[in-house]
Amino acid sequence: MEELLWIFVLVVQLLSLLITFPGYMFILVVNILGYRKNKRLDISDQLISGISLFNLAHRFLHVSLDFFEFSNEFLVSVNYKIYTNILYLSLIFCTLLFSTLLAVYYCLKIVNINHNVYIYIQRMFPKTFPWILLPSIFSSVLISIPAALRLTRKPFVNSTGATQKSENLLYLVPYNLFSSLCFLLFFSSALNIILSLRRHIKQMHSNTRQFRAETVKVHVNALKKVFSLLTFNIFYFALQTFVVIGLLYFQWLTCLPFLYSLCHIIGVIIFVLVSSKMQKKLRTLWVHCHQCIK
């Protein structure tokens, strides 16, 4: 029965990789070509490329590790599990962190708040952004180490269930705390964007019909993008919380491969829809393929 479950997990993982690989590679290739052409890449495109790379690495990690553990069950060492768990948790945290930075960037770009601190951050964010990325990735690894060590550690023989759970929670405090802060920052940024766009739409009711029709469409599209990102982030944060719960109840971890497969498939669709550049390239590619078939 356990062997059949392993095979089913491997099939699902492989199918999800086959679905997500073309989508994430499309995003990465379009942004790489755009960078080569213009010698620069917008911050939003950099962050979407980073998220795509993390999600793609996450998919490959899941498939390769599940296959390796299934075919070499007795060769899997404790050190191997520690390193793979650190990498696994770091990729999850980096995805959440980059999507948070993306929401903050959109907030600074769209929302105008007449406050000195906010105006200073608005001006300085593009300049400081390159210095935010590498420390963010490094900090995600450091935060993931205690959780990964606890995930790999075998339960104590003489410990009660309550004792084990309290110890697990202690190890997970840094990881869970910073994840929650990222989500709160993302949620507040998205909420500010939505409220700001809503105010703009209300103000346009006093203008001419033609102007209102054209501008409302732009604002509605922006709202759709923000809602899409918010949906992805809520789903991803929920799965990250599920990882924490799984460390308390190990039997729940068997559901995670299926949920993350679904999340990454949804992510491909969202990050293509969020970028107008991706939509244009996709339409161009579709027209070109259609002409080739004819």
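Residues numbered from 1 in each chain as written. Predicted model: local features only at pLDDT ≥ 70, side-chain atom pairs only at ≥ 80, totals over all residues. Heavy atoms only, no water.

The criterion, for reference: UniProt positions are given in the numbering used here, feature names are shortened, and annotations may be inferred rather than shown by experiment.
An unreviewed UniProt entry annotates the protein chain as Taste receptor type 2 of Engystomops pustulosus. Here is the UniProt Subcellular location (unreviewed entry) comment for the protein chain, exactly as written: "Membrane".

## Some details on the UniProt feature "transmembrane region" (unreviewed entry) in the protein chain
Here is the rule: Strands here mean DSSP runs of E at least two residues long; helices mean DSSP runs of H or I at least four residues long; both are numbered from the N terminus.
UniProt records the feature "transmembrane region" (unreviewed entry) for residues 6-35, 85-108, 129-149, 169-195, 226-250 and 256-274 in the present numbering. Counting secondary structure, residues 129-149 comes out at 100% helix and 0% strand; the distance between its end C-alpha atoms is 31 Å. Helix makes up 100% of residues 256-274 and strand 0%, and the two end C-alpha atoms of the span are 26 Å apart.

## So, helix α7 (residues 256-274)
Rules: For a helix, the expected span equals 1.5 Å multiplied by the residue count minus one. Residue burial is assigned from relative accessible area. The probe radius is 1.4 Å, only protein chains are included, and a residue is buried under 20% of its type maximum, exposed over 50%, and partly exposed in between.
When the terminal C-alpha atoms of α7 are compared, their 26 Å separation across 19 residues agrees well with the 27 Å that a helix rising 1.5 Å per residue should span. Those residues of α7 that sit buried are L256, P257, Y260, S261, C263, H264, G267, V268, I270, F271, V272 and V274.

## Section: the packing of aromatic side chains
Put simply, the rule reads: Think of it this way: a Phe, Tyr or Trp ring, Trp meaning its six-membered ring, pairs with another when their centres are within 6.5 Å, and the plane angle makes it stacked under 30 degrees, edge-to-face over 60, tilted otherwise.
Tallied over the entire structure, the rule returns 12 aromatic pairs. Both rings, one in F54 and one in F98, keep their centres 4.9 Å apart while their planes meet at 85°; by these two values the pair is edge-to-face. Within this pair, whereas F54 is found in helix α2 (residues 43-71), its partner F98 is found in helix α3 (residues 78-110), the two being separated by 44 residues in sequence. Just as F54 is buried, F98 falls in that class too. With centroids separated by 6.5 Å and ring planes inclined at 80°, the aromatic side chains of Y88 and Y260 adopt a geometry described as edge-to-face. Of this pair, Y88 sits in helix α3 while Y260 sits in helix α7, and the two are 172 residues apart along the sequence. Since its relative accessible area comes to 0%, Y260 is described here as buried. An aromatic cluster is built from Y88, F232, Y236, Y260 and F271, whose rings are joined through pairwise contacts.

## Description of the confidence of the model for the protein chain
This is how it is decided: In predicted models, pLDDT denotes the confidence assigned by the predictor to each residue on a 0 to 100 scale. Contact between two residues is taken to exist if any of their heavy atoms lie within 4.5 Å; hydrogens are not considered.
Summarising the model, the protein chain shows a mean pLDDT of 77, and 77% of its residues fall at 70 or more. For the protein chain, the element scoring lowest by mean pLDDT is helix α6 (residues 209-248), at 71; α3 scores highest, at 84. Low confidence marks residues 155-160, where pLDDT is under 50. Its contacts with residues over four positions away, or in another chain, come to 5 contacts.

## Overview of the nonpolar core
Inclusion rule: Definition of nonpolar core: a set of buried residues of the types Ala, Val, Leu, Ile, Met, Phe, Trp, Tyr and Cys, connected through side-chain atoms within 4.5 Å.
With 70 residues, the main nonpolar core has L47, L102, Y106, L229 and F271 as its most contacted residues. At the level of secondary structure, the elements contributing two or more residues to this core comprise α1 (2-38), α2, α3, α4 (116-152), α5 (161-203), α6 and α7. Top contributing element to this core by residue count: α3, with 20 residues. With residues up to four places along the chain from it excluded, the contact list for F271 reads I27, I48, I51, N55, L102, L229, F232 and M278.

## Points about a nonpolar patch on the surface
Stated formally: Put simply, a patch holds well-exposed residues, over 30% relative accessible area, that have no salt bridge, with like charges counted together within 9 Å and Val, Leu, Ile, Met, Phe, Trp or Tyr side chains within 5 Å. Surface exposure here means Shrake-Rupley accessible area, sampled with a 1.4 Å probe, where a residue is shielded only by the protein chains that are shown. A carboxyl oxygen of Asp or Glu within 4 Å of a side-chain nitrogen of Lys or Arg is what we treat as a salt bridge.
Where nonpolar side chains cluster on the molecular surface, the patch consists of L4, I7, V11, L14, L15 and L18 and spans about 570 Å² of accessible area. According to the relative accessible area criterion, I7 is partly exposed, its value standing at 38%.

## Here we look at the environment of L47
Positionally, L47 belongs in helix α2. Since its relative accessible area comes to 0%, L47 is described here as buried. The spacing of L47 and T100 is 53 residues in sequence and 9.5 Å in space, taken between C-alpha atoms. What L47 contacts, discounting residues up to four positions off in sequence, is F98, L101, L102, F129 and L133.

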